[in-house]
Structures are given as structure tokens and as C-alpha cells.
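Spelled out, the chains give:
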Amino acid sequence: GEFLPYRKAIPQQVSTTVRVRTRDLISAVERASLVINDRLKSPLICTFADGQIHVSCTTPLGSASDVISAGMEGKEEEMGFNSRFLLDALKNAETDEVKIELNGPLSPMKVLPADGESFLFLVLPVRLKK
């Protein structure tokens, strides 16, 4: 049989490109995720602006946030993610630095190596309530 046309699911347009140290982003996501458990599935909110990634989460247990520096080109974005899916992508990245490509708050985040094409992870966003 034929394999499903997965390339159609990969966003081609990019409005924001972010380069960040993988370990720094993993640590920030883990710290902000401390208030999330299986019953409290609040989204992890990532704001990409001013050369920084602001990672935050608010649940009935409390609030947590962290800020890390990153190289950034393009417009500012705010997106919500399931923290577990984002951590899975980052922990399986085989490089010290990753490139993140964004195209709006409802388009999947692409996680790529900073140099080369050895992997590509798509992390689907969660719609944020405004």
C-alpha cells in the first residue's frame, strides 16, 4: 500500500524562527509543568518575543513561569501546548541547539536541528481561551 501523504501536514510557511539551547528549553518546560498533573490538563503557554521564550502555566494548584533567552527572527507569537508532547519532541532532539519554526498560534510548531535535517518534530498547538 501507499504511505499516507504526511508531507502535506508539515507547514511550509514560516513567520517566526527561534534558535534555542535544547537543554535550557527542556528545563524551562519541566519547571513550568510542575503545576500540571493528569487531572489538571492546562496548556503550557509559550510566548516568543523580544529574544526570549516565556513559558508559563496556571492551574488550580498554582502558577509557574520561566523565561529563557533565544535567538529570534520574525513576529512575536503566543501559543499553547500539551507540555508532555513538547517535552517528548525536545528530549528526542539529538542536538545541543534546536531551531523552532512557527506560523501562527494554530499552526504546528516545527522543531528542527539548528543545522542540518537529521530530524523534524511537529508539536500541535492547543487553542488558548482568551
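Details of the structure are given in the entry above.
The notes below deal with the structure included here. Everything quoted here is computed from the prediction, not taken from an experiment.

1. Digging into the nonpolar core
L25, I53, V55, L86 and M109 are the most contacted members of the largest nonpolar core, which has 32 residues in total. Looking at this core element by element, the count peaks at five residues for helix 1 (residues 22-32). With residues up to four places along the chain from it excluded, the contact list for L86 reads V29, L44, C46, F81, M109 and V123.

2. Brief notes about unusual backbone geometry
The phi dihedral of D50 is positive, around 55°, even though this residue is not glycine. Positionally, D50 belongs in the loop between strand 2 (44-49) and strand 3 (52-59).

3. Brief notes about the pairing of strand 6 (residues 77-81)
Where burial is concerned, most of strand 6 is hidden: four out of the five residues are buried. In this structure, strand 2 lies alongside strand 6, joined through five bridges in antiparallel fashion. Residue pairing across strands places I45 opposite G80, the latter belonging to strand 6. Two elements, strand 6 and strand 10 (residues 125-126), share two bridges in a ladder whose sense is antiparallel.

4. Comments concerning the pattern of salt bridges
In the structure shown here, the tally under the stated rule is nine salt bridges. Residue E30 pairs with K91 through a salt bridge whose shortest N-O separation is 3.1 Å. Linking E30 in helix 1 with K91 in helix 2 (residues 83-91), this pair joins segments that are 61 residues apart in sequence. Since its relative accessible area comes to 48%, K91 is described here as partly exposed. In the salt-bridge network here, residues are joined through shared partners; they are R19, E97 and D115.

5. A few points about the sheet that holds strand 2
Strand order in the open sheet made by the five strands is 4-3-2-6-10, with antiparallel pairing throughout. Looking along the sheet, the strands with just one partner apiece sit at the ends: strand 4 (62-69) and strand 10.

6. Observations regarding helix 1
Given 3.6 residues per helical turn, the α-helix brings residues three or four places apart onto the same face. Taken together, the buried positions of helix 1 are T22, L25, I26, S27, A28, V29 and A32. In this structure, the buried side of helix 1 is in contact with strand 1 (16-21), strand 2, strand 3, strand 4, helix 2 and strand 7 (97-102).

7. Looking at the packing of aromatic side chains
Counted according to the given criterion, the structure contains one aromatic pair. Between F119 and F121, the aromatic rings sit 5.2 Å apart at their centres with planes inclined by 35°, giving tilted as the arrangement. For F121, a relative accessible area of 23% corresponds to the partly exposed category.

Conventions we followed
Residues numbered from 1 in each chain as written. Predicted model: local features only at pLDDT ≥ 70, side-chain atom pairs only at ≥ 80, totals over all residues. Heavy atoms only, no water. Core = buried A, V, L, I, M, F, W, Y, C linked by side-chain atoms within 4.5 Å. Buried < 20%, exposed > 50% of the residue type's maximum accessible area, 1.4 Å probe, protein only. Helix = DSSP H or I, 4+ residues; strand = E, 2+ residues; numbered from the N terminus. Contact = heavy atoms within 4.5 Å. Pairing = 2+ DSSP bridges. Salt bridge = Lys/Arg side-chain N within 4 Å of Asp/Glu carboxyl O. Phe/Tyr/Trp six-rings, centres within 6.5 Å; stacked < 30°, edge-to-face > 60°.

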